[in-house]
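Overview (structure and organization)
Residues per chain are reported as follows:
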Amino acid sequence: MRRLLGFLSVLLCLSAFSGCGPRETAVARGDREQVLHRGMGPDLADLDPALATGTSDYTVLSALFEGLVAEDPKTLAPVPGVAESWEVSPDHLTYTFHLRANARWSNGEAVTARDFLASWRRVLTPALAADNASLLYIVQGAEAFHKGQSADFSQVGFSAPDDRTVRITLEHPAAYFLSLLQHWVWWPVHLPTLEKYGSAFERGNRWGRPETFVGNGPFTLKSWRSGQLLVAEKSATYWDAANVRLQAVHFYPIEDVGAEERAFRGGQLHLTEALPIAKIDAYRKDQPQLLRIDPYLGTYFYRINVTRPFLNERKVRRALALAVDRDNLVGRVLRGGQLPAYAFTPPGTGGYTPEARLGTDFAEARRLLAEAGYPGGKGAPVVELLLNTSENHRLIAEALQEMWRRELGLEVRLVNMEGKSALVARRMGEFQLMRSSWIGDYADPASFLSVWAGDSGNNYTGWSNPAYDQLLYQAARTEDPDARRQLFQKAEALLVDEAPFIPLYYYTHVFLIRPSVKGWYPTLLDHHPYKHVWLEAP
């Protein structure tokens, strides 16, 4: 409630700019001044690219930082970023990047090859416990360094022959490597700034504040009132500033999708992060020009903490997964073009479609639960389902709560928690079932299946299987596409069989957007480089 009141106070301030007479909305003013107002869903968890984990983090960080490569705004194909060019060795193992002479941090200092190496060393330092550190394991020696098996960073496949050259040597060829570099964990941070405010290699450093922040993206941090508003202002030091048309982006963390829709309707937002399920049909009928339903490479699912009694039984987990009517969920509850999910990897990802399925089979679910010793749910404990604050998440959870009550005789208690607290609970393993989502980092099944590796920083369930890990290891080193896909099929079959998760649906992105927003193209990863976005008044 405090966060919502704070947000509403910001909206009142925005709407009062024009004083007496007809009030100019934030959107109208933004159209004139090239200031984009956007909802971002849950509040930002961290301004540190090494520690960020959520899509709302990316929403902001992509304005403030830039990696070696950037993204084409329409296709997301890799294009030059801080690196103006690169070469790849004939064996596809060594990438040599040449940095721009005019790449600058927001404090005016040059962005150098040493900045990238220092940032990657930081990510791989075990004490930092970076959740996405495993995305660097593709680099020669990175995994051994991160796991403490080697203390010599010079043995990791990163080198800087000079200030404007970065060389990366991989463990094995990977056709998706340039796309992988677009993930925020690869973006550089300004280590001298971090070192002014604490240890750069431990959590809790307070460098990410407006008065101390240093970034290298097209925008820089002007102000941040947690839970209310974050303002990113066009950076004068960005190498391509002349082609950045937006003067600022105002990010509003609004977990209540109803409040976000009302803010949009009131002219305070150019675009929303989501839309209340109950509003989709009305916009589709009455204002279709404001409704967008874009493709989105992601899976909505529930994590299962397999370390907890009752849920540590495979038959119980499978019973929960089989007792879900996904067709009813997407057709009658969601109504936004989503597809029922029967496995983890979305169909068609990199030419791969999973064959293993966790379909809907109520009879089999009841049989498994009885075999586990809980016929009709008798003797089963109350199960808690943790979800972060959202009207949409609650509607979905209530639908499943009723399915499990009706079909299995299980009592499921919904536990609501605001976004940041939910992330802490996830990291600490303080949940039984947890609402979750995974959006691909690149269009390849490895981006999804690697989540469940035993050493993944994004697993959180306590589940691991050495055979599964071995299949992923083999797939990463297999160049033949058909053989690689077969290894992924075997891995996903293991995952589905042991069910440390409950797949629900494959995403579409359902949101509202003003016609004045230009350059906001439908993309599979829902990435929209702000340097290519602009506003045109109607």
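It should be emphasised that the depicted structure is a prediction, and the values quoted were computed from it without experimental measurement.

**Section: the nonpolar core**
Ranked by size, the top nonpolar core spans 67 residues in total, and within it Phe-97, Phe-158, Phe-177 and Trp-186 carry the most contacts. If you tally residues by element for this core, the top one is helix α4 (residues 113-124), at 6 residues. One finds Ala-341, Ile-396, Val-412 and Ile-439 within the second-largest nonpolar core, a separate group that totals 49 residues.

**A word on the environment of Pro-347**
Counting through the fold element by element, Pro-347 comes out in the loop between β12 (339-340) and α12 (362-371). Taking the relative accessible area as the measure of exposure, Pro-347 reaches 44% and is therefore partly exposed. For the pair Pro-347 and Leu-297, spaced 50 residues apart in sequence, the C-alpha separation works out to 9.5 Å. Contact partners of Pro-347, with chain neighbours within four places excluded, come to Tyr-352, Thr-353, Pro-354 and Tyr-506.

**Focus: α4**
Side chains that are three or four residues apart share a direction in an α-helix, a result of its 3.6 residues per turn. Here α4 is 12 residues long and its end C-alpha atoms lie 17 Å apart, about the 16 Å a rise of 1.5 Å per residue gives. What α4 keeps buried is the set Ala-113, Asp-115, Phe-116, Leu-117, Ser-119, Trp-120, Arg-122, Val-123 and Leu-124. Looking at the buried side of α4, the elements it contacts are β5 (94-99), α5 (142-146), β6 (158-162), β7 (165-169) and α7 (191-196).

**Looking at the packing of aromatic side chains**
For the structure on display, the rule yields 34 aromatic pairs. On the numbers, 4.5 Å between centres and 15° between planes, the contact of Tyr-300 with Tyr-505 is stacked. A residue pair is termed long-range when its members are at least 10 positions apart, and Tyr-300 in strand β11 (residues 291-304) and Tyr-505 in strand β16 (residues 501-512) qualify at 205 residues. Assessed through its relative accessible area of 1%, Tyr-300 is described here as buried. A relative accessible area of 5% places Tyr-505 in the buried class. Members of the aromatic cluster, each reached through a chain of ring pairs, are Trp-86, Tyr-95, Phe-97, Phe-116, Trp-120, Phe-145, Phe-153, Phe-158, Phe-177 and Trp-186. The ring of Trp-239 carries the charged tip of Arg-100 above its face, separated from the ring centre by 3.5 Å. Positioned over the ring face of Tyr-197 is Arg-209, at 5.7 Å from the centre of the ring.

What counts, and at which threshold
- Residues numbered from 1 in each chain as written.
- Predicted model: local features only at pLDDT ≥ 70, side-chain atom pairs only at ≥ 80, totals over all residues.
- Heavy atoms only, no water.
- Core = buried A, V, L, I, M, F, W, Y, C linked by side-chain atoms within 4.5 Å.
- Buried < 20%, exposed > 50% of the residue type's maximum accessible area, 1.4 Å probe, protein only.
- Helix = DSSP H or I, 4+ residues; strand = E, 2+ residues; numbered from the N terminus.
- Contact = heavy atoms within 4.5 Å.
- Expected span 1.5 Å × (residues − 1).
- Phe/Tyr/Trp six-rings, centres within 6.5 Å; stacked < 30°, edge-to-face > 60°.
- Lys NZ or Arg CZ within 6 Å of the ring centre and 35° of its normal.

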